[in-house]
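Structural description and commentary
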Amino acid sequence: MSIFEYNGSAVVAMVGKNCFAIASDRRLGVQLQTVATDFQRAFKIHDKLYIGLSGLATDAQTLYQRLVFRHKLYQLREERDMKPQTFASLVSALLYEKRFGPYFCQPVIAGLGDNDEPFICTMDCLGAKELAKDFVVSGTASESLYGACESMYKPGMEPEELFETISQALLASVDRDCLSGWGGYVLLVTPTEVQERVLKGRMD
């Protein structure tokens, strides 16, 4: 079993019309044994920027703490919040620094940039970025997430439709992966508000 599959995870970000959603499952496992059912993988950097960290749970928490630290330094120096594109470059550089002993994480970054233009990207544990205009996925359920998102996504969705689409894609995908699941956690971000919702899913 790969170290990336040790705790199990499923993270997906999807773009709508001037909004985005990022969703993750809630299972924390040790291989096939479930340890917790309320584990958080989607984290806030600032009001319009979020990061989802799939992979090894301990590395995800460590990496998040380092990213918050770096972002606070940026805020002190620049007196403004970081743009999503800038933050993606920061994450990439931070991961590549540790390329000989990497953080076993695959980040998914989602944010609203200039003119509330949604930005999403993902990267591997060495910081190689993959940009997308529709959706990005990572985690042990990524294969089934690709299939579900490809069939359900359509461009220019309004916030409520986007929430419904990302929720159905996540729930359908984690049912096909035994290392992730146990409900979901969805963040829906628009220029004016952030909605957090917890999904109930199969408890097996």
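These notes cover the structure that comes with them. (Residues numbered from 1 in each chain as written. Predicted model: local features only at pLDDT ≥ 70, side-chain atom pairs only at ≥ 80, totals over all residues. Heavy atoms only, no water.)

**Thoughts on the overall build of the chain**
For the chain, the count of helices and strands is 4 helices and 12 strands. Here the C-alpha radius of gyration of the chain, 16 Å, is about what a compact globule of 204 residues would show, namely 17 Å. Residue burial in the chain is summarised as follows: out of 204 residues, 52% are buried. Within the chain, residue pairs in contact and separated by at least 24 positions form 62% of the contacts whose partners lie at least 6 positions apart. Of the roughly 9700 Å² of accessible surface on the chain, a fraction of 49% belongs to carbon and sulfur atoms. Averaging the locations of the 21 positively and 26 negatively charged side chains of the chain gives two centres separated by 5 Å. (Helix = DSSP H or I, 4+ residues; strand = E, 2+ residues; numbered from the N terminus. Rg over C-alpha atoms; globule rule 2.2 N^0.38 Å. Buried < 20%, exposed > 50% of the residue type's maximum accessible area, 1.4 Å probe, protein only. Contact = heavy atoms within 4.5 Å. Areas by Shrake-Rupley, 256 points an atom, 1.4 Å probe, with all protein chains shown as cover. Lys, Arg positive; Asp, Glu negative; His and termini not counted. Charge placed at Lys NZ, Arg CZ, Asp CG, Glu CD.)

**A few points about the sheet that holds strand 5 (residues 42-46)**
The strand order across the open sheet formed by 5 strands is 5-6-7-8-9, and the pairing between neighbours is antiparallel. The open sheet has two edge strands with one neighbour each: strand 5 and strand 9 (129-132). Taking each pair of neighbouring strands and ignoring which way they run, the sheet shows an average axis angle of 20°. In this structure, strand 5 lies alongside strand 6 (residues 49-55), joined through 4 bridges in antiparallel fashion. Bridging across to strand 6, Phe43 finds its partner in Ile51. Strand contacts of helix 2 (residues 84-97): strand 5, strand 6, strand 7 (105-112), strand 8 (118-123) and strand 9, with the helix running at about 10° to strand 8, the strand carrying the most contacts. (Pairing = 2+ DSSP bridges. Axes fitted to C-alpha atoms, helices over the stretch in contact; angles between N-to-C directions.)

Note that every value here comes from positions in space, so none of it alone points to a role or purpose.
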